[in-house]
Amino acid sequence: MKKKIKKTAAKALQRFIDAFAGNGLMQEETHAEGARRITQGMPELCRQTAAEGIVMLKNDGTLPLDRDDCVSVFGRTQTDWFFVGHGSGGDVHAPYTVSFSDALKNAGVFYNDTLMDMYETWCSDPDHLKEDGWWGHWPFHHPEMPLDPETVTEASLQGSTALVVIGRASGEDRDCRLVKGSYYLTDEETEMIRMVTDAFRHTVVILNIGNIIDLAWTEEFGDRISSLLIAWQGGMESGNALTDILYGNVSPSGRLNDTIARSYKDYPSSLSFGRKRAAYYNEGIFVGYRYFEKFAPDRILYPFGYGLSYTRFSCEPLDFACSEDKVSVSVRITNTGTFPAKETVQLWCRLPEGSLPEPERVLCGFTKTGTLQPSESVTAEISCCAKDYSSYDMRSSAFVLEQGEYRFEVNGEYAGSDVRERTAVVEQCEPLYHAGRLLKKRIMDRMPEEIPVTGDRRYMLQDVADGLISLETFIAQLSDTELDALTRGHGAMNSPLGTPGNAGVFGGIISSLRDKGVSPVVTCDGPAGLRLQRYCSLLPSGNVIACTWNTELAQKLYEGAAREMEEAGIDVLLGPGMNIHRDPLCGRNFEYFSEDPLLSGKTAAAVVRGIQSRGASACPKHYACNNQETNRNRHDSRVSERALREIYLRNFEICIKESDPLTVMSSYNKINGVWAHYHYDLCTTVLRGQWHFRGTVITDWWMRRAVSAEFPALRNNAYRIRSQVDVLMPGKMTHFKGGFRRDPQLHLSLRKEDGLTRAEMQRTAANVLRLVLRIKYRKEKEL
């Protein structure tokens, strides 16, 4: 009975999202019209990004393929390709898509068309059509076409090389599972690989996946597998990008964004991942390679940062400079092989033993070369700050460098050392409080002062933009109703105040605010493109972008997305998603970047710079510790302050300091007992105080009801505003129980002696209006 109710609720949510986000509601466009609206340069950027994100894990020389040699392709995914993950971060109406089988036809290469026709015929049979599923219940894979030995043997007579394609889907609101067809291969897939490797001299296995899956079978098959590629989910140009790699138009240059272990149980997170009530992050800072290199090096199948090329490179350190707060390294990278290619340059620091438990080493910088011809060299320069290799000491609430030698290596070559004669404080912080007396005192000591209310003076927001009045003077004239309206969205997805299919609107949601020049701020789901009732570019997933290790390319890709935002009238793209890959089963890992906070943070910063290049706003999400989808609205992430500071907040810090996003989205989950949208120390003490964020914080869509432990008179939206989570999106508390009802707590709280203050409402108004000034009035000056 419970399963039936859950299934009914999931389908109802899918209908709800379809109705408001426009899935299947494309009446105003035909597909041909959508195809004509392809943003100039986007196909090329998508194709390049998808190709650079492909990671070659193994190659015995079989790749690159000769276009004149016949290849036989096995696996239905060649036709039923997974272009991106499911959910708000991926369900974009693409103007076109190129599957792998499409790409082979486009490339004009020699392939076994009889076998491909067999797959296409089988897949198009009504009994074998792929299932689309519904919200949170998308298929993890599509069942394989049955193979018999005769078919495989006959195919092997056409040529000595076979390609086997394995596909997996990931998605929002559900995690991957430790079952065959999700994390593990199905029996049919295993048998397909066995038959193909038995019949063909060369077998290339291609993984079209959103999340890391079990690869223990690659050891069992051993040298029978000639080459192994992770193609990920590369968006609308996926197939063309893969063909570019296979046939040597582009050399593989992707590097792993995560560690691939020999078995799932090797991941330390496996002990608590997926629990409905709470996950205990007992591994602390030892996430990904930080754990494996220290405690279980023999359990690494493929290490973080690993990836093969069609050529070889040498790395020669040239110069090393070190100051109290910065390290700079220059190296000469030379293509010593015979194939044009790009090289990723990684700067690592090996840490000394001290009083704090430390990983063996940490990534503290990276860059990527352009394409180097054989024998060509280039000088690459990388720098990092001391905080990139410091540690958080909870005893002193500070980032420190303990006494000892910090050894720097670039692509395995020693570059120089930073020797600390004594422990140095890199950055002094304040301890984090999640609840209690000390948190209450901190909040009371930092309460804002009220701006005296003047009543309506007929001032316009344009007057603020023109420098005629201050923002405080404009806010002084706002009524309680107008202040209330600035704290919430318009009410539902697909607001009539915005582009059809929008995710929600905030800012000028009532007429009196619009009369004062406060424009509606229109949001759109992302980050794999614009999720609207129109055709928009379907971008490569976050995994792909991170595996390029190319921040310049990531920025250019999203500069293209910014052009589409401008054309569509979108002010805020809800992305990038940037939660840490704590566990390979997390359903939204496809959307996020990495297990490493530096790679995640710098990639996110590049995406933000691209989105904001034309005046709109990015919205990094989900702040913070949204590391599983199971029970995500009620789940509690129990994590130490050190792990928070060094891992789960550090990527957000890098992103905010390097790209200045105008908006940040809080997460659904609790963090040490407090929902993120009520967490004062995360959203005010750290985000605004320590990191100097001056933008707007919005909730993820809808939120949980709660009463403040420190201030019992505060509940729900009043509690949220005291924590400086400015805007409830899309505007109402829930989307099911009770329908779209407004929460009266703000007005009730303002009337109470110990309730929310008007000064706090005014502070939130300032946070929102600064955003409106930036994106609507192009006002860059600090206000």
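These numbers were taken from a predicted model, which means no experiment stands behind them.

Chemist: Sorry if this is basic, but what is going on with the overall build of the protein here?
Modeler: When helices and strands are tallied, the protein shows 24 helices and 27 strands. A compact globule built from 783 residues would reach a C-alpha radius of gyration of about 28 Å, and the protein, at 26 Å, matches this within 12%. The proportion of buried residues among the 783 residues of the protein is 64%. In the protein, the proportion of contacts linking residues at least 24 apart, taken out of those at least 6 apart, comes to 78%. Counting only carbon and sulfur atoms, one obtains 48% of the accessible surface of the protein, whose full area is about 28500 Å². Put simply, the protein has 92 plus and 102 minus side-chain charges, and the middle of one group is 8 Å from the middle of the other.

Chemist: I'm lost on the side chain of T487 in this one. Help?
Modeler: Secondary-structure assignment places T487 in the loop between α14 (480-485) and β19 (504-507). Side-chain polar atoms of T487 contact the backbone oxygen of D484, separated by 2.7 Å. Once residues lying within four places of it in the same chain are set aside, the contact partners of T487 are R720, I721, D726, V727, L728, L746, M761 and T764.

Chemist: Explain the sheet that holds strand β14 (residues 391-393) here, please?
Modeler: Adjacent strands of a sheet pair through backbone hydrogen bonds, lying either parallel or antiparallel. What the three strands build is an open sheet, ordered β14-β15-β18; its pairing is antiparallel. Either end of the sheet is taken by a strand with one partner, and the two such strands are β14 and β18 (424-428). Pairwise comparison of adjacent strand axes, ignoring direction, gives a mean angle of 40 degrees for this sheet. Of the pairings in the sheet, the one linking strand β15 (residues 398-401) to β18 comprises four bridges and is antiparallel in character. Bridged to V400 within β18 is V425.

Chemist: For this particular structure, what's the right way to read the nonpolar core?
Modeler: Side chains that are nonpolar tend, in soluble globular proteins, to be buried together. One finds F74, I206, L246 and Y623 to be the most contacted residues of the largest nonpolar core, which totals 206 residues. Counting residues per element, this core draws most heavily on helix α24 (residues 758-776), which supplies nine residues. With residues near it in sequence (within four places) discarded, L246 still touches L63, P64, L65, F100, L163, V204, I206, L229 and Y310. Counting residues in hydrophobic clusters, the runner-up holds 33 residues, among them F304, W348, V362 and F408.

Chemist: How do you make sense of the environment of G587 when you look at a structure like this?
Modeler: Structurally, G587 is set in the loop between β21 (572-574) and α18 (597-611). Its relative accessible area of 0% is what places G587 among the buried residues. For the pair formed by G587 and G136, sequence separation is 451 residues and the distance between their alpha carbons is 9.6 Å. Sequence-distant contacts of G587, that is, excluding residues within four places in its chain, are made with S170, G171, R174, D175, C176, N211 and E629.

Chemist: I would appreciate a short explanation of the pairing of strand β3 (residues 161-167) in the present structure.
Modeler: Two faces belong to every sheet, and in a regular strand the side chains alternate between them. Among the seven residues of β3, seven are classified as buried, and the element is accordingly described as predominantly covered. Alternating positions in β3 separate into two faces, T161, L163, V165 and G167 on one and A162, V164 and I166 on the other, with burial throughout. One ladder, built from seven bridges, connects β3 with strand β4 (residues 202-208); its direction is parallel. If you follow V165 over to β4, its bridge partner there is I206. Remark: the β3/helix α7 (residues 187-199)/β4 crossover connection has right-handed handedness.

Chemist: Is there a simple way to think about the sheet that holds strand β7 (residues 278-280) in this case?
Modeler: Across the sheet, four strands lie side by side as β7-β23-β25-β26; this open sheet has mixed pairing. In this open sheet, the two strands that pair with only one neighbour each are β7 and β26 (674-675). Across two bridges, strand β23 (residues 636-638) lies against strand β25 (residues 670-671) in parallel orientation. Residue pairing in the sheet places S637 in a bridge with I671 of β25.

Chemist: Is there a simple way to think about the pairing of strand β10 (residues 326-335) in this case?
Modeler: With respect to burial, β10 is a largely interior element, seven of its ten residues being buried. As paired strands, strand β9 (residues 313-322) and β10 are joined by nine bridges and run antiparallel to one another. Each bridged residue has a counterpart across the sheet, and for E316 the counterpart in β10 is R332. Hairpin connection, β9 to β10: the antiparallel pair is bridged by three residues. In this structure, β10 lies alongside strand β13 (residues 377-385), joined through nine bridges in antiparallel fashion. Considered in β13, the bridge of I333 is made with V378.

Chemist: Explain unusual backbone geometry here, please?
Modeler: Outside of glycine, negative phi angles account for most residues, and trans bonds account for most peptide bonds. Cis peptide bonds are those with omega within 30 degrees of zero, and the linkage from G526 to P527 qualifies with 15 degrees. Mapping P527 onto the fold places it in the loop between β20 (520-525) and α16 (542-548). Here M729 and P730 are connected by a cis peptide whose omega angle stands at 0 degrees. Within the secondary structure, P730 is located in the loop between α22 (716-722) and α23 (745-750). The backbone phi angle of W232 is positive, close to 55 degrees, even though this residue is not glycine. You can call W232 buried: its relative accessible area is 1%. The phi dihedral of N672 falls on the positive side, at around 50 degrees, and the residue is not glycine. Along the polypeptide, N672 turns up in the loop between β25 and β26.

Chemist: Is there a simple way to explain the packing of helix α3 (residues 42-52) against helix α9 (residues 238-246) in this structure?
Modeler: When two helices pack together, their arrangement is given by the angle between the helix axes and by the axis-to-axis distance. In the contact formed by α3 and α9, the axes pass within 8 Å of each other and the chain directions differ by 50 degrees. Taken together, α3 and α9 sit at an angle that is classed as oblique. Classified by chirality, the crossing of α9 by α3 is right-handed. In this structure, α3 uses R47, A50 and A51 to contact α9, whose residues at the interface are N240, A241, D244 and I245. Counted by class, the contact of α3 with α9 contains four nonpolar, one polar and two charged residues.

Chemist: Which parts of the structure should I look at to understand helix α6 (residues 149-156)?
Modeler: Owing to its 3.6 residues per turn, the α-helix aligns residues three or four sequence positions apart on the same side. Among the residues of α6, T151, V152, A155 and S156 are the ones counted as buried. For α6, the angular spread of buried residues about the axis comes to 135 degrees, placing them on one side. With respect to the buried face of α6, the exposed residues turned more than 90 degrees away are E150 and E154. Where α6 is buried, its residues meet β2 (71-74), α5 (113-124) and α7. For α6, the N-terminal cap is D148; the gap from its side-chain oxygen to the backbone nitrogen of E150 is 3.1 Å.

Chemist: Even after reading the chapter, I still don't get the packing of aromatic side chains, so can you show me in this structure?
Modeler: Taken as a whole and assessed by the stated rule, the structure comprises 25 aromatic pairs. Ring centres of F304 and W348 lie 6.0 Å apart, and the angle between their planes is 85 degrees; this geometry places the pair in the edge-to-face category. One end of the pair, F304, is in the loop between β8 (300-302) and β9; the other, W348, is in strand β11 (residues 344-350), with 44 residues separating them in the sequence. When its relative accessible area of 4% is taken as the criterion, F304 is described as buried. Between F320 and F408, the ring centres sit 5.8 Å apart and the planes meet at 45 degrees, which makes this aromatic pair tilted. One end of the pair, F320, is in strand β9; the other, F408, is in strand β16 (residues 404-410), and 88 residues separate them in sequence. Feature note: the residues Y183, Y184, Y264, Y267, F286, Y291, F292 and F295 constitute an aromatic cluster, connected by ring pairs.

What counts as what
Residues numbered from 1 in each chain as written. Predicted model: local features only at pLDDT ≥ 70, side-chain atom pairs only at ≥ 80, totals over all residues. Heavy atoms only, no water. Helix = DSSP H or I, 4+ residues; strand = E, 2+ residues; numbered from the N terminus. Rg over C-alpha atoms; globule rule 2.2 N^0.38 Å. Buried < 20%, exposed > 50% of the residue type's maximum accessible area, 1.4 Å probe, protein only. Contact = heavy atoms within 4.5 Å. Areas by Shrake-Rupley, 256 points an atom, 1.4 Å probe, with all protein chains shown as cover. Lys, Arg positive; Asp, Glu negative; His and termini not counted. Charge placed at Lys NZ, Arg CZ, Asp CG, Glu CD. Polar contact = N/O pair within 3.5 Å; in protein donor to acceptor, adjacent residues only side chain to side chain. Pairing = 2+ DSSP bridges. Axes fitted to C-alpha atoms, helices over the stretch in contact; angles between N-to-C directions. Core = buried A, V, L, I, M, F, W, Y, C linked by side-chain atoms within 4.5 Å. Right-handed = clockwise from strand over helix to strand, strands pointing away. Parallel < 35°, antiparallel > 145°, perpendicular 65-115°, else oblique. Left-handed = near helix turned anticlockwise from the far one by under 90°. Nonpolar A, V, L, I, M, F, W, Y, C, P; charged D, E, K, R; others polar. Arc of directions from axis to C-beta. Phe/Tyr/Trp six-rings, centres within 6.5 Å; stacked < 30°, edge-to-face > 60°.

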